[in-house]
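# Report on the structure
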Amino acid sequence: MTLGFWPFAILSGVVAAALDSGAPGGGLAATTTCPGAVNISGYGRAAVTNAFWNVPNDGAGLVDVIGGRVLRAHMKGRSYLSESCEDGKYSNERYLALRLLGKRLRYTTDVSGAGCGCNAALYLVSMRQNTKQSDCDDYYCDANSVCGERCAEIDLQEANEHAWHSTLHAAADGGGVGGGLGGGDSWNGPRDWSVEEYSPGGRCIDTSMPFEVEVSFPTDASGALRSMDVVLSQFNKSCHVSSSVGAGYGGLAELTKALGAGMTPVFSYWSSNNMLWMDGKGADQKGGCKVDHQEACGDAVRFYDFALESIDGAGSAAPPASQQQLSTGSSSLVASVPPAATTPQATTSTAATTTQAPITTTSELAPPTNAAAAVPSAGRPADAAQQSSASGGYEFVGYAGPEDARKACQPAGRLAMPKTAEEQERFMALVHEAKADGRMSDEWPHSVVWVGGHWHAEEEQWQWDDGTPILGMGWAKGQPSGQGHQEKEPWLCVADDQVHDAGW
């Protein structure tokens, strides 16, 4: 088959079946208070505690954890990262007090399906320090007193497919100061980038697919918070968008203390037909949404591949992870992404773009002789390259063409090479799990996965990328279709559990 328009997705070995813990959107039972824990590279495991109330007397929706890696928030869901969790019980002393002053938090978000009127949020609040139970009975607090208690709040992300807001709030400042894109009616919200750059099919961030977020909290010479710097990037995209929020904000001293004491990460997903403050077109008509349609919001949004790291230098951010090579200590990997500004600014970096097809590649860290690395999987972005015993050595890497897929797995891994029947069975089991879990699509071409095999023209045979011959290939009917002109379709991929050759 000949491919040449969309990249295949990258497969992750870190997959697990969704938790069967109740229907999203209704009140949570006690057994769903503690859905599991997620790993934060550079920190460790953090328990997840689900809220019982969305707002006072309105039951919260479901938030679940998939494979210890993915936090999935269904509509009306809200959850808090915690040191520990006990079903049906809440205490401010259990909540995580994550110290982010002078640090950077990286993660991947998937807001696909969250259209106009939807809000996928990740933010920090001073819950650990709040000793009042609140009207939601779980010690929740924020700068808008949603549950009756105010505290400092930092919105890393309030977003949907058409808008993104990052906002600093002193405890008494419900409006705060922010950056990003979208919002406004007779006024204009932030315009740090454009809808052409951030939107479904966007030039820099295609919001119909997952993308990587980096939020830094640089300090000045005295150790005080200088700003919140945000960079959004996406695998195989030649530009990124960024914003620096808070320079000169009167609440920086208060937020310096809050970040120094430690703040609790909160995840939520909610909707409203009055969300134009976030996603409206504004007076300049440069926002994304004319009308909000909360009934059209997708069921759930996702957050995953969390990593906490120090900022290099005195108050200056190191290059975004999208510019760094894979390392065994990193929880994310993006390859072949053009250079971006070292210090995030409210600007957009652009470069020549190259259309490539999505690829699902699995990366193995320190692969053995017959190791396999993730191959193009379907529909997922530059996820992580983190070893996991549950994954059998396979990891999500990102989207790309066959050549860039190989680069994406370097230097610590390579495309999957399932040579034996046992390895092939394990490989396909992971693909099936990823599809059942929703992390891969069943629809072509996003269901196609690159594997580490190719046609060797000089020796006129199919070989694995390590140079060994491919024997006993389970070709699909009519494959290889490139016989007689195999150099035009020299790449190996798997679709519908069968092997195909492919051109590019």
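Look up: the structure comes first, before these words.
Residues numbered from 1 in each chain as written. Predicted model: local features only at pLDDT ≥ 70, side-chain atom pairs only at ≥ 80, totals over all residues. Heavy atoms only, no water.

## Details of the sheet that holds strand 24 (residues 461–464)
The strand order across the open sheet formed by four strands is 24-23-25-26, and the pairing between neighbours is antiparallel. With one partner strand each, in any of the chains shown, strand 24 and strand 26 (498–502) form the two edges of the open sheet. The average undirected angle you get between the axes of adjacent strands in this sheet is 40°. Where strand 23 (residues 449–456) lies against strand 25 (residues 491–495), three bridges are found, and the strand directions are antiparallel. Looking at the pairing, W450 lines up with C493 of strand 25. (Pairing = 2+ DSSP bridges. Helix = DSSP H or I, 4+ residues; strand = E, 2+ residues; numbered from the N terminus. Axes fitted to C-alpha atoms, helices over the stretch in contact; angles between N-to-C directions.)

## Some thoughts on the pairing of strand 9 (residues 103–110)
By the criterion of burial, strand 9 is predominantly enclosed, with seven of the eight residues buried. Looking at chain direction, strand 9 and strand 20 (residues 300–310) are connected through seven bridges and run antiparallel. In the sheet register, R106 faces strand 20, and the bridge partner there is A307. Across six bridges, strand 9 lies against strand 16 (residues 211–216) in antiparallel orientation. Within strand 16, the residue paired with T109 across the bridge is F211. (Buried < 20%, exposed > 50% of the residue type's maximum accessible area, 1.4 Å probe, protein only.)

## Examining the environment of L471
Assignment of secondary structure puts L471 in the loop between strand 24 and strand 25. Through-space distance from the C-alpha of L471 to that of K419 is 8.2 Å; in sequence the pair is 52 residues apart.

## Examining the state of the cysteines
Applying the stated criterion to the full structure yields six disulfides. A disulfide bridge connects C136 with C147, and the sulfur atoms are separated by 2.0 Å. Around the S-S axis, the bridge from C136 to C147 shows a dihedral of about -65° and counts as left-handed. With C136 in the loop between strand 10 (118–125) and strand 11 (153–159) and C147 in the loop between strand 10 and strand 11, this residue pair connects regions lying 11 residues apart in the sequence. Given the relative accessible area of 1%, C136 is considered buried. Sulfur-sulfur distance for the disulfide between C141 and C151 comes to 2.2 Å. Taking the torsion about the sulfur-sulfur bond, which here is approximately 90°, the covalent link between C141 and C151 counts as right-handed. (Disulfide = S-S within 2.5 Å.)

## Overview of the nonpolar core
The biggest cluster of nonpolar side chains holds 57 residues, and the ones touching the most others in it are I154, L156, W164, Y198, F217 and L232. Residues within four places of L232 in sequence aside, it is in contact with W164, W193, Y198, I205, F211, E212, V213, H240 and V241. Among the nonpolar cores identified, the runner-up in size contains 17 residues, and Y80, Y140, C151 and V266 belong to it. (Core = buried A, V, L, I, M, F, W, Y, C linked by side-chain atoms within 4.5 Å. Contact = heavy atoms within 4.5 Å.)

These values are about where atoms sit, not about what they do.
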